Amino acid sequence: MHLVEELIQSNKNFTAEKYTAKDFSSDQDVRWCPGCGDYSILAQVQRVMPELGIPKHNLVFVSGIGCSSRFPYYMDTYGFHGIHGRATAIATGLKIARPDLTVWVATGDGDGLSIGGNHFIHVCRRNVNMKVILFNNQIYGLTKGQYSPTSEFGKVTKSSPQGTVDQPFNPTLLALGAEASFVARTLDRDPKHLQSVIRRAAEHQGTAFVEIYQNCNVFNDGAFFPFTEKETKDENVVYLEHGKPMVFGKQKDKGIKLEGFTPTVVSLSDGKYSVNDLIVHNENDTMLSFILARMSSIPNLPRPVGVFYKVQKPLYEVEIERQVQTAIQKNGEGDLEKLLNHGETWTIQ
Amino acid sequence: MAKVLENLDEVTIRFAGDSGDGMQLTGMQFTSTTALVGNDLSTLPDYPAEIRAPAGTLFGVSGFQIHFGSTEINTPGDICDVLVAMNPAALKVNLRALSDGGIIIANTDGFDSKNLKLAGYQSNPLEDSSLEKYRLHAVSITKLTENALADTNLSPKVVERSKNFFALGMMYWMYSRPLEPTLRWIEDKFKKSPELVEANIRVLKAGHAYGETTEIFAVRYEVKPAHLQKGTYRSITGNEAVAWGLIAASVKSNLDLFLGTYPITPASDILHELSKHKNFRIKTFQAEDEIAGITSAIGASYGGALAVTTTSGPGMALKTEGFGLAVMLEIPLIIVNVQRGGPSTGLPTKTEQADLLQAVWGRNGEAPIPVIAAATPSDCFTMAFEAARIALKYMTPVILLTDGYLANGAEPWMIPQVSSLPNIAPTFATNPEGFLPYSRDEKTLSRPWAIPGTPGLEHRIGGLEKQHETGNINYEPENHEFMVKMRQNKIDGIADDIPLAQVEGDEKGELLVIGWGGTYGAIRTAVEAKRREGKSVSHLHLKHLNPLPKNLGEILLKYKNILVAEINLGQLVKILRSKYLLPMLSYNRVLGLPFKANDIEQKIDEIL
Ligand SMILES: Cc1ncc(C[n+]2csc(CCOP(=O)(O)OP(=O)(O)O)c2C)c(N)n1
Ligand code: SF4
């Protein structure tokens, strides 16, 4: 038996113990700035982990470089702090070699979409079974405040004193365009919602992409306040729920209706429209998912959060494993003697 | 007419034609058959970077050279005895490689006015007596092929395409080789289309029969089998040998093989070969780029696989940051660089040895990596196995350097006994008691391989500097220096675990020629020739370049002169001079071609 297989076999009997959130907290000091949104993300992930029933030793958190990429150090699981942008590529190799492991990737908007943009789109299209949580703070935190590929047009930062002339990426749209099989968005300051989305991502089989709006209180404070603060969030956020009409507003008095292919806000209080006129969210509708993802770029529309899209597709590492098994069935387990001596050989006596 | 049978010790033949003429295939077939009849041999495929360059052009010429004999053959031959030229461009490009009095077999049908013009000939060289100093055989190969297939329904294009088998048949006749191996190959290769089997067999036999019956060939040659060591042999190229060496290491280490890579000439064939053998539990991952190639391999290694990444020049540049990560993580990883002409895209299909300094030094920070190099195509098997051994034992990335010439060149290889290959015995850490991810083995200084899935060993690793033993992030000045030295000492210590350098020739004398990598055959041939003349010259070929063999310094002191020969502007010589502080001469050519033994001989003559 091969070494890895032996190890997996010998550990089969370890079941997930009754973990608590605390069991997922490592002995390392957390080094994020006080008030950073990353703390909440860490706390919610640690809270969800015990529910998954996965032994800690089968969990791996992989990251790149950035403030957000320090995440693995704080999880008491296996952790891999990689190099800038390459977390998804590292995780892909790990998953191919070890389909038995549960792999999470923690990445930032710079890490995942700038230097790591190529690996990001390719992991999505391949549908490797891993969860990718992207901490979007619309800024480069660790390098102290340059604009990122998600910074809004015209943003003034250290590296753009006159404002950026870059058009930003929309991460959910990018993930959908790259054919990710699970795409969701949530917010650092909404712990319940964050937990529920993390849970859904964990359950998904395939590349699960979660964009998390994360406040960098040092270099981009308040970037998402309209969507996270009590006074404004109800009017600016619409929660996506499968099978439910898209209603929002403090009084639940507004909804999203399609005019042609364009979503528009309608009032539910003036008698003109009822919930029956609204978009009913369907996580499995690929066309709808693009429309919802596009909503961020249309002014005056509330920001959708929740699961945009979910579909079941073949898992990359499982298909690779299948090919290995097929080859073994067809040709027998590899025999080195046979390999070296196959085809044309000759003997000198 | 009775034909004369002449005996030869060795022959060099070059097949040349358009990229679409099938010259590589013709050469490979001639090679397999020649290997099967027991000759020693060495080959040099020489083809353009463009897949199908416009027909008839000088830059579209594709060549395949084979040197074979009844004596020991170490190089593809400096100069050809026979040139098979399918068109004027092939003649023009390759004529300078032909010996005076050499044989030209030219396809007259390829020498039409259009092709003559494309090759820049004012008049037809087959008719204007400009080739007088050669033995010219003008054969209407295309027409003869058409005649052989006259009663078939094959399209003119298919007929045209099989003319290389006519040429091959003629050469089989001329050098007394059997047709059977190629007949078998044709049957297997085209088994899905019986009409192609039929056509190619007919053309091959027609070429052979033409040799027999035509008046123009008065002499036929025979090259007796070489006196090779007893054993079972096969013909193998460097890329195949790398792939098989890796498979052997996977079997002998009980680890699944993972290859993360991105296609690049001339390394892609390693990917092709490994992806054929998935029943060895090999997983090949064609990544989106070289960075993903190496980082996926690092991920797989972290998961407990025997992880490999393969590439060539530009791909090495992209992987550089990944090398540093692997050094910092201290995990096993095999990096194969099939060197080609550089810089930048350079000469994709040509050979060079100009990535040595990059392999040894080319990283940010103090990032020592063992570097080894294969000497011959079949040696690629041994060295790929060696790379795995070092990587697993010392928990380190290892760079294996081969080159375009080794990768595509073929030679007979005595197939090793599987039982004679040493076991590689990696272990995974499993005991949580006192586990520290960066504790060290006293002897090797390597750290434990603790892979995910092991209860109680949950830990975090990464590219940041780490504290001795605990592996925790640590920025303390003293710790950093300690760790830098620790990583260096670990790699330096490998010198105790590699073979001592060995001189071929006298243990002391006037001149020692030092080489590394794919120049082995040429240097050996040259040094032997000069020794036969009574000159005091010896040869030392380095296969371990970092660290260097422990006895090298001692050896160097025993010679009056040291000549370092390499296909670059002097890279090994820089390393040796700075390490041993001795004066050294260097011999450097960067033609995109392997060394010619003759050029090295001249250089030796200059010195002695
Ligand atoms: C190859 C490389 N280039 C640049 C850097 C510098 N660098 C570190 S983090 C970072 C940006 C991080 O931004 P983001 O991914 O948004 O993460 P955040 O710090 O905001 O969480 C950069 C440019 C690096 N570490 N490596
Ligand atoms: S710089 Fe911003 S993102 Fe980074 S830790 Fe501080 S607050 Fe968080």
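Everything here concerns the structure above.
Thresholds applied
Residues numbered from 1 in each chain as written. Chains lettered and ligands numbered in written order. Predicted model: local features only at pLDDT ≥ 70, side-chain atom pairs only at ≥ 80, totals over all residues. Heavy atoms only, no water. Helix = DSSP H or I, 4+ residues; strand = E, 2+ residues; numbered from the N terminus. Buried < 20%, exposed > 50% of the residue type's maximum accessible area, 1.4 Å probe, protein only. Areas by Shrake-Rupley, 256 points an atom, 1.4 Å probe, with all protein chains shown as cover. 1 Å grid on protein atoms, 1.4 Å probe; cavity = no way out; pocket = protein on both sides within 12 Å on 5 of 7 lines; lining within 4 Å. Points joined across faces, edges and corners; volume = space filled by probe spheres on them. Near = heavy atom within 4 Å. Nonpolar A, V, L, I, M, F, W, Y, C, P; charged D, E, K, R; others polar. Contact = heavy atoms within 4.5 Å. Buried area = accessible area lost by both parts, 1.4 Å probe. Salt bridge = Lys/Arg side-chain N within 4 Å of Asp/Glu carboxyl O. Polar contact = N/O pair within 3.5 Å; in protein donor to acceptor, adjacent residues only side chain to side chain. Pairing = 2+ DSSP bridges. Axes fitted to C-alpha atoms, helices over the stretch in contact; angles between N-to-C directions. Core = buried A, V, L, I, M, F, W, Y, C linked by side-chain atoms within 4.5 Å.

(A) The arrangement of the overall build of chain A in detail. Tallying secondary structure elements over chain A gives twelve helices and twelve strands in all. Dimensions of chain A, computed from C-alpha atoms along their principal axes, come out at roughly 95 × 45 × 45 Å. Considering chain A as a whole, with its 349 residues, one finds that 56% of them fall into the buried category. Roughly 14900 Å² of accessible area belongs to chain A as shown, and the carbon and sulfur atoms make up 52% of that amount.

(B) Structural view of the layout of surface pockets. What the second largest pocket holds in volume is close to 1200 Å³. Ranked by the residues each element gives to the lining of the second largest pocket, the list is headed by helix α14 (residues 379–394) of chain B, at seven residues.

(C) Representation of the site of ligand 2 in the model. Close contacts around ligand 2 come from W32, C33, C36, C67, N137, Q214, C216, N217, V218 and F219 of chain A, and that covers them all. Of the residues contributing to the shell around ligand 2, the split by class is seven nonpolar, three polar and no charged.

(D) Here's a closer look at the interface of chain B and chain A. Across the boundary between the two partners, chain B contributes 78 residues, which contact 68 residues of chain A. Summing the contributions of chain B and of chain A, the shared interface buries around 6300 Å²; its carbon and sulfur component is 62%. Along the contact surface separating chain B from chain A lie six salt bridges. Ionic pairing is found between E321 of chain A and K283 of chain B, a salt bridge with its closest N-O pair at 2.6 Å. Run the count over chain B and chain A and you get 34 residue pairs in polar contact (both at pLDDT 80 or more). No other element matches helix α11 (residues 290–302) of chain B, which puts eight residues into the side of chain B that touches chain A. For the side of chain B that touches chain A, the residue count by class is 41 nonpolar, 25 polar and twelve charged. Of the pairings in the sheet, the one linking strand β2 (residues 78–81) of chain A to strand β17 (residues 460–462) of chain B comprises three bridges and is parallel in character. Counted as the bridge partner of F80 of chain A is I461 of chain B from β17 of chain B.

(E) Expanded view of the site of ligand 1. As a structural note, the neighbourhood of ligand 1 is formed by 17 residues, with C67, S68, D111, N137 and G141 of chain A the closest of them. Nearby residues place ligand 1 at the junction of chains A and B. Measuring from an oxygen atom of ligand 1, one finds a backbone N or O atom of G110 of chain A at 3.0 Å. At 2.9 Å, a side-chain N or O of N137 of chain A approaches an oxygen atom of ligand 1. Burial of ligand 1 by the protein amounts to 77% of the accessible area it has alone, namely 590 Å². The residue inventory of the shell around ligand 1, partitioned by class, reads six nonpolar, eight polar and three charged.

(F) Just empty space enclosed by the protein, in detail. All names here are of chain B. Counted under the stated rule, the structure contains seven cavities of 30 Å³ or more. Computed from the structure, the largest cavity encloses a volume of approximately 100 Å³. For the lining of the largest cavity, the secondary structure elements donating two or more residues are β3 (40–46) and α15 (404–408). Along the lines of polarity and charge, the residues of the lining of the largest cavity split into six nonpolar, five polar and two charged.

(G) Up close: helix α2 (residues 38–48) of chain A. Where burial is concerned, most of α2 of chain A is hidden: eight out of the eleven residues are buried. Taken as a whole, α2 of chain A has its buried residues at D38, S40, I41, L42, Q44, V45, Q46 and V48 of chain A.

(H) Structural context of the sheet that holds strand β3 (residues 102–108) of chain A. Here nine strands make up an open sheet; going across it, the order is β7(A)-β11(A)-β5(A)-β6(A)-β4(A)-β3(A)-β1(A)-β2(A)-β17(B) and the pairing mixed. The open sheet has two edge strands with one neighbour each: β7 (237–240) of chain A together with β17 of chain B. Put simply, the sheet's adjacent strands are angled 20 degrees from each other on average, direction ignored. Note: strand β1 (residues 59–63) of chain A against β2 of chain A, four bridges, orientation parallel. Each bridged residue has a counterpart across the sheet, and for V60 of chain A the counterpart in β2 of chain A is Y78 of chain A. Sheet strands in contact with helix α10 (residues 286–294) of chain A are β7 and β11 (303–310) of chain A, and its direction is about 155 degrees off that of β11 of chain A. Strands in contact with helix α12 (residues 313–329) of chain B are β2 of chain A together with β17 of chain B; relative to β17 of chain B, the strand with the most contacts, it is inclined by about 140 degrees.

(I) Focus on unusual backbone geometry. Residue G342 of chain B is joined to P343 of chain B through a cis peptide bond whose omega torsion reads -5 degrees. A cis amide bond links N546 of chain B to the next residue, P547 of chain B, at an omega of -5 degrees. Despite not being glycine, K144 of chain A shows a phi value in the positive range, around 75 degrees. One non-glycine residue, S176 of chain B, lies in positive phi territory at about 50 degrees.

(J) Spatial organisation of the pattern of salt bridges. Applying the stated criterion to the full structure yields 47 salt bridges over all chains. E5 of chain A is paired through a salt bridge with R281 of chain B; the nearest N and O atoms lie 3.1 Å apart. Here R281 of chain B lies in the loop between α10 (268–276) and β11 (283–286) and E5 of chain A lies in helix α1 (residues 3–10), a pairing that spans two chains. Classification of R281 of chain B as buried rests on a relative accessible area of 17%. In this structure, D76 of chain A and R460 of chain B form a salt bridge, with 3.2 Å as the shortest nitrogen-oxygen distance. You can see D76 of chain A sitting in the loop between β1 and β2 and its partner R460 of chain B sitting in strand β17, one on each of two chains. Taking relative accessible area as the criterion, R460 of chain B reaches 12% and is therefore assigned buried. Each of E72, E504, R524 and E528 of chain B takes part in a single network of salt bridges with overlapping partners.

(K) Looking closely at the nonpolar core. Ranked by size, the top nonpolar core spans 102 residues in total, and within it V62 of chain A together with I298, L356, I514, L542, L572 and L576 of chain B carry the most contacts. For this core, the element with the most residues is helix α3 (residues 87–97) of chain A, which contributes seven residues. Residues in contact with L572 of chain B, not counting those within four places in the same chain, are L356, I514, W516, L542, L545, V564 and E566 of chain B. L255, L271, F280 and I282 of chain B belong to the second-largest nonpolar core, a separate cluster that totals 61 residues.

(L) Geometry of the pairing of β1 of chain A. Residue and element names in this part refer to chain A. Within β1, five of the five residues are buried, leaving the element largely enclosed by the surrounding structure. Covered by surrounding structure in β1 are L59, F61 and S63 together with V60 and V62, the residues of both alternating faces. Bridge count for β1 against β3 is five bridges, and the pairing is parallel. Considered in β3, the bridge of L59 is made with T102.

(M) The side chain of Q214 of chain A, seen in detail. Residues and elements named next belong to chain A. Take Q214: it is sitting in the loop between β6 (208–213) and α8 (225–228). Exposure remark for Q214: the relative accessible area of 2% places this residue in the buried category. Ignoring anything within four residues of it in the chain, the contact list for Q214 reads C36, G37, D38, I41, F135, N136, N137, D188 and F224.

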